[in-house]
Amino acid sequence: MARENLEFGDGVLLQHCALQTEDDLVLARAAIKLHSTDLGFSKLNQTKIVTAASELGRNVLEHGLGGHLKIDAIDQFGRKGLRLIFEDNGPGILDMELALTDGYTSKKGLGLGLTGSKRLMDEFSIESQPGEGTTVMVIKWT
Amino acid sequence: MANDTMTSVATLMRDSQKEILADWVDQQLKDPARTQAVPESSLRASSNEFLSIFQEAIQKGNLDNMAAPEWEGARKMLSELSASRALQGSTPSETASFIFSLKEPLFALINKQLGAGNIASSEAIVRYSKVLDQLGLYTFESFQKSREAVIRRQQKDMLEMSTPVIKLWEGVVAVPLIGTLDSARTQIVMENLLQAIVDTNSKVAILDITGVPTVDTQTAQHLIKTVSATRLMGADCIVSGIRPQIAQTIVHLGIDIQDITTKALMSDAIREAMERTGWSVIRNTSQES
């Protein structure tokens, strides 16, 4: 996504994961765990990143009807971070404010996925065009 | 190209089947990708069987559509062959080259019959090459399918194996959860646990999540549901094995688990369960070491 690239620079692509089934999500979690270990994140932050990814990845599966995830390592003036970009071509989010409310769910979950992952990560941005899909970008700094 | 050339290849194949077979088996035996998974005798038998079926199929003249009924026999034989090879432990390339290695002996035969280097023989080679490519891909696909079937079966076995309910003490059962807690597993855990509560007349159930790598909102929701169902059965539920990083993650996510009794360690949970069921553990001081 162009805006994130301007804000945080081009990352070094670590992995590209398809997100079409629950099994893809398991693989994506394992990949993120591996890359976050490589980048030297603490156990706590590894768990936070993997959990946030699990939430956002499940959103891609359940609301976005499948999509993909880009994992990259970024470096902003010497500050290193792991960036995850989730993209889907689903129906998009009609009411962003509502979607970002704790406890609101359009399905039968707890309604904490988006807000929860925002709290677990350091940077969070979401863009959605109704009918065209949703892109969520999150960053955790080391 | 005239179909009579095609059928003449079929006739030729029938007449020199022995020769082709010897050539073909030779090719397969000296293939560097060959493992010892398939013995030579069965290799020879299946090669011979395939040649007869193949020769019969091309006799009928349909060389374009491998999905046509003329090729049903060949398809059936190849899918059975790849299924048995997948189980025997052949490699995918070894299985696919069963068909691909037929090219050389067959083309040699065509060249011999139609004369090497002329238009008729190169056209025939292109056509038969396509046929064998399609059959090779079909074999590969069947191989893949049977591998996937094996994996699916193993997954199912694992699912059932990985959720045992253990009777810890009179009135206390425990489920050590290991791996990802998805909907399918939660369902199995819940069924097994609720049944065990009835069978053992337990009053306390311990769910241990030490082996669950990620607790996200879905996992938490599954846990909450399991606890609620246990309560409906008249038993208490304790969730143990909450690691420090999991505890912090749950707080950040904002999941409310105030209603659930949680313990850091399984041993804490056992102590609590014993207390609730009226047992007390006393260390015999004379044997203390």
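Structure first, text after, so check above.
Residues numbered from 1 in each chain as written. Chains lettered and ligands numbered in written order. Predicted model: local features only at pLDDT ≥ 70, side-chain atom pairs only at ≥ 80, totals over all residues.

A. Structural view of the interface of chain B and chain A. Opposite the 16 residues of chain B that make contact, chain A presents 21 residues. Going through the elements one at a time, α9 (217-232) and α10 (244-253) of chain B are the ones with two or more residues in the side of chain B that touches chain A. In terms of residue count, the dominant contributor to the side of chain B that touches chain A is α10 of chain B (six residues). A per-class count over the side of chain B that touches chain A returns four nonpolar, 10 polar and two charged. (Contact = placed C-beta atoms within 7 Å. Helix = DSSP H or I, 4+ residues; strand = E, 2+ residues; numbered from the N terminus. Nonpolar A, V, L, I, M, F, W, Y, C, P; charged D, E, K, R; others polar.)

B. Representation of the sheet that holds strand β1 (residues 12-19) of chain A. Residue and element names in this part refer to chain A. The sheet built from five strands is open, its strands ordered β1-β2-β3-β5-β4 with antiparallel pairing. Strands at the two margins of the open sheet, each flanked by one partner only, are β1 and β4 (123-129). Mean inter-strand twist for the sheet, computed between neighbouring axes without regard to direction, equals 15°. As paired elements, β1 and strand β2 (residues 67-76) share seven bridges and run antiparallel to each other. Looking across to β2, one finds that Gln-15 is bridged to Ile-71. (Pairing = 2+ DSSP bridges. Axes fitted to C-alpha atoms, helices over the stretch in contact; angles between N-to-C directions.)

C. Examining the sheet that holds strand β3 (residues 204-211) of chain B more closely. Residues and elements named next belong to chain B. Here five strands make up an open sheet; going across it, the order is β1-β2-β3-β4-β5 and the pairing mixed. Across the chains shown, the open sheet's two edge strands, defined by having one partner strand only, are β1 (166-169) and β5 (261-263). The sheet shows a mean angle of 30° between the axes of neighbouring strands, direction not considered. As judged from the three bridges shared by strand β4 (residues 236-240) and β5, these two strands associate in the parallel manner. Looking at the pairing, Val-239 lines up with Thr-262 of β5. In this fold helix α8 (residues 183-200) packs onto β1, β2 (172-178) and β3, with an angle of close to 165° to the strand it touches most, β2.

D. Seen up close, the nonpolar core. Ala-53, Leu-84 and Val-138 of chain A together with Ala-205, Ile-206 and Leu-207 of chain B are the most contacted members of the largest nonpolar core, which totals 57 residues. No other element matches helix α3 (residues 43-62) of chain A, which puts six residues into this core. Those residues in contact with Ile-206 of chain B that lie beyond four places of it in its chain are Ala-174, Ile-238, Ser-240, Met-266, Ala-269, Ile-270 and Ala-273 of chain B. Membership of the second largest hydrophobic core comes to 31 residues, among which are Leu-51, Leu-63, Ala-74 and Tyr-128 of chain B. (Core = buried A, V, L, I, M, F, W, Y, C linked by C-beta atoms within 7 Å. Buried ≥ 20, exposed ≤ 12 C-beta atoms within 10 Å, placed from the backbone.)

E. Up close: unusual backbone geometry. Positive phi, normally seen in glycine, also occurs at Leu-65 of chain A, with a value near 60°. Here Leu-65 of chain A shows up in the loop between α3 and β2. Positioned with a positive phi, Asn-201 of chain B is a non-glycine residue whose angle comes to about 50°. Within the secondary structure, Asn-201 of chain B is located in the loop between α8 and β3. Overall, the presence of 10 C-beta atoms within 10 Å leaves Asn-201 of chain B in the exposed class.

F. Region of the structure containing the environment of Leu-44 of chain A. Along the polypeptide, Leu-44 of chain A turns up in helix α3. Judged by the 15 C-beta atoms lying within 10 Å of it, Leu-44 of chain A falls in the partly exposed class. When sequence neighbours within four positions are dropped, the list of residues in contact with Leu-44 of chain A reads Gln-245 and Gln-248 of chain B.

G. Structural view of the pairing of β1 of chain B. Residues and elements named next belong to chain B. One ladder, built from three bridges, connects β1 with β2; its direction is antiparallel. Directly across from Ile-166, in β2, lies its bridge partner Ala-174. Hairpin connection of β1 to β2: two residues between the antiparallel strands, including Gly-171 at a positive phi of 85°.

H. Quick peek at the packing of helix α3 (residues 40-59) of chain B against helix α4 (residues 72-88) of chain B. Residues and elements named next belong to chain B. Two elements in contact, α3 and α4, have axes whose closest approach is 9 Å; the angle formed by their N-to-C orientations is 155°. Between α3 and α4, the interaxial angle falls into the category roughly antiparallel. At the point where α3 passes α4, the crossing takes the left-handed sense. Taken together, the residues of α4 that come into contact with α3 (itself represented by Ser-46, Glu-49, Phe-50, Ile-53, Phe-54 and Ala-57) are Gly-73, Ala-74, Met-77 and Leu-81. Grouping the amino acids of the contact of α3 with α4 by side-chain chemistry returns seven nonpolar, two polar and one charged. (Parallel < 35°, antiparallel > 145°, perpendicular 65-115°, else oblique. Left-handed = near helix turned anticlockwise from the far one by under 90°.)

Read these as geometric descriptors, not functional statements.
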